[in-house]
Amino acid sequence: MRDVVSPAKRRILCVFPHYTPSFGTFEYAYELTDGVQAFMPPQGLLLIAAALPKGWEVRFIDENIRKTTDADFAWCDAVFVSGMHIQRPQIKDICRRAHERDLSVALGGPSVSASPEQYPEFDYLHIGELGDATDELFRHLARDSSRPPKQVVLTTKDRLDMAQFPLPAYELIPIEKYFLGSIQFSSGCPYQCEFCDIPALYGRNPRLKSPEQVTAELDKLLACGLSGSVYFVDDNFIGNRKATLELLPHLVEWQKRNGFALQFACEATLNIAKRPEILELMREAYFLTVFCGIETPDPAALKAMSKQHNMMVPILNGVKTLNSYGMEVVSGIILGLDTDTPDSGEGILEFIEQSQIPLLTINLLQALPRTPLWDRLKREGRLIEDADRESNVDFHLPYDQVVSTWRECMGRAYTPEKMFARFDYQVRHTYSNRIKPPNSKERLSSRNIRRGLTMLAKIFWRVGVRSDYRREFWKFAWPRIKEGDVERLLSAGLVAHHLILFARGASQGRQTASYYSAPLQEVAEAAQ
């Protein structure tokens, strides 16, 4: 792709918009770290930065870390932006600032690919994934980087094979300022859950990188200074089980070569519990966390949303199976389903108690464009566009009751007592099943030791001394200290602190109840 344009040189400014604070981006934990300011590196925009034509210059700014300056805008010929629906106001704000300087602005990514009509102010819309539309965008800018007389819409019809993807431009970002590293192995998902837009955007037949590409990206992440955890951002890590089985031995060998320098996490459907051959290799590769979109413990609701694959194994049994391979389960739960009753909140709280999953992202149902849910609700006249609402869905239950249930679930599920009790369960029933990686020079590097001591000191001071939940913290911490299990103490302390503080805000009405959409007044503040 780097040879498709004329020799014209361009300066491209890639800008990733700020996130509205949410349950899953761990803002409250950053104060306990050694300088973390953002959640994960933005994969898509880093890939585009790496795919630019040879000789073009690029500068990358993540506005979760720093704001784009006048000097940045003055430097470039054009601005590239990408983002998700929840970032829409921030996306538009970047365009406004660039247009004040008469710069061309191109927008790509999942939000514009699903809803191009929402972005009439942009000069170029890149719809779809890396491919022929990307080549055409580069050609346009090579010919003339000034703003076109009217919007140019470029839609990918011929997607670039993922085996030909360049390594993302991790060297352009301060990788040490991210909570997690990120990497992509596949794109697409074979399932068609009613509320999910992934099949429409990326297809039902997962496309793949080669194992060698994945390990080369891991090498680059290490070389750029990443330590800690890497999240496989695939929509379903086992979307192609055969390919996953081919990849995992390469990850095991990579870990052995690199002294188990990183921990892995991923997202997968719960039916992974039926694949012990995959789980055993994941355990050997040091996968410690799996996000499973459980959505609801109600079988009737799962059937209604076309998520029957969650019933291939009893949900609680599936969670325990993953725990038995040393993998902590993180889960998504949805309130506001058509099958919900006034007792659904109590059912969710009971499920949390039974499963002992520490982190569940409880959020309100949101209808996303290009999903079966959106199409159905549109036919039924149940889509509501109101910036003051927490969801665009006209629920069967009264709106205020659904929001109140969400706030109550958040308040009760994430009390310090409940939170640390669930982490204590994980210590005894999950973490003990993990492999014990060697005390390698990579794991015991001076940087890692300094980082660990910094976080430990901050946790002891801000949580163990100054917080109002310090008693519960020390009940959990003392056994870990006696056992010398500092790693578990650090991870649980960071996550629990964020969850407890966020849940308090949620129960008091100070946090948004859907992580796909946000009230406009909140995102306007975040964009400032």
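What you see is a predicted model; the values in this text were computed from it and never measured.

A. The arrangement of the packing of aromatic side chains in detail. Applying the stated criterion to the full structure yields 24 aromatic pairs. Where F16 meets Y19, the ring centres are 5.7 Å apart and the plane angle is 70°; that geometry is what we call edge-to-face. The exposure class of Y19 is buried, given its relative accessible area of 18%. Three or more aromatic residues joined by ring pairs make a cluster, and in this case those are F420, F460, Y469, F473, W474, F476 and W478. Of note, R422 hangs over the ring of Y414, and the distance from its end group to the ring centre comes to 5.2 Å.

B. Seen up close, the pattern of salt bridges. One pass over the structure, following the stated rule, counts 38 salt bridges. R480 is the salt-bridge partner of D424, the closest N and O atoms lying 3.7 Å from each other. Separated by 56 residues along the polypeptide, D424 in helix α15 (residues 416–429) and R480 in helix α17 (residues 470–483) bring together distant segments of the chain. The partner of E472 in a salt bridge is K475, with the nearest N and O atoms 3.6 Å apart. Taken together, the residues span about one helical turn, with E472 and K475 both in helix α17 at a distance of three residues. For E472, a relative accessible area of 15% corresponds to the buried category. We classify K475 as exposed; its relative accessible area is 57%. It is possible to trace a salt-bridge network through shared partners that takes in E63, D70, D93, R96, R97, E100 and R101.

C. Quick look at helix α13 (residues 372–379). Within α13 the residues assigned to the buried category are L373, R376 and L377. Around the axis of α13, the buried residues are gathered within 95° of arc, so they sit on the same side. Within α13, the exposed residues directed more than 90 degrees away from the buried face are K378 and R379.

D. A look at the sheet that holds strand β6 (residues 152–155). Reading across the sheet, the six strands line up as β2-β1-β3-β4-β5-β6 and stay open at both edges, with parallel pairing between neighbours. Two strands in the sheet have a free side with no partner beyond their single neighbour: β2 (57–62) and β6. Across the sheet, the mean angle from the axis of one strand to that of its neighbour is 20°, orientation sign disregarded. One ladder, built from six bridges, connects strand β1 (residues 11–16) with β2; its direction is parallel.

E. Representation of unusual backbone geometry. Despite not being glycine, D102 has its phi angle at roughly 60°, a positive value. Here D102 is to be found in the loop between α3 (88–99) and β4 (104–108). One non-glycine residue, F260, adopts positive backbone phi at about 50°. Here F260 lies in the loop between α8 (241–257) and β11 (262–267). The class of F260 is buried, set by a relative accessible area of 9%.

F. Broad picture of the pairing of β11. Of all six residues in β11, five are buried; the element is thus mostly enclosed. Where strand β10 (residues 228–232) meets β11, five bridges bridge the pair, whose relative direction is parallel. Bridge pairing in β11 links S229 to Q263. For the handedness criterion, the β-α-β arrangement of β10, α8 and β11 is classed as right-handed. Two strands pair when backbone bridges link them, and β11 and strand β12 (residues 287–295) are joined in this way by four bridges, in the parallel orientation. Across the sheet, residue A265 finds its bridge partner in β12, namely T289. Note on the crossover from β11 through helix α9 (residues 276–284) to β12: the handedness is right-handed.

Cut-offs used in this document
Residues numbered from 1 in each chain as written. Predicted model: local features only at pLDDT ≥ 70, side-chain atom pairs only at ≥ 80, totals over all residues. Heavy atoms only, no water. Phe/Tyr/Trp six-rings, centres within 6.5 Å; stacked < 30°, edge-to-face > 60°. Buried < 20%, exposed > 50% of the residue type's maximum accessible area, 1.4 Å probe, protein only. Lys NZ or Arg CZ within 6 Å of the ring centre and 35° of its normal. Salt bridge = Lys/Arg side-chain N within 4 Å of Asp/Glu carboxyl O. Helix = DSSP H or I, 4+ residues; strand = E, 2+ residues; numbered from the N terminus. Arc of directions from axis to C-beta. Pairing = 2+ DSSP bridges. Axes fitted to C-alpha atoms, helices over the stretch in contact; angles between N-to-C directions. Right-handed = clockwise from strand over helix to strand, strands pointing away.

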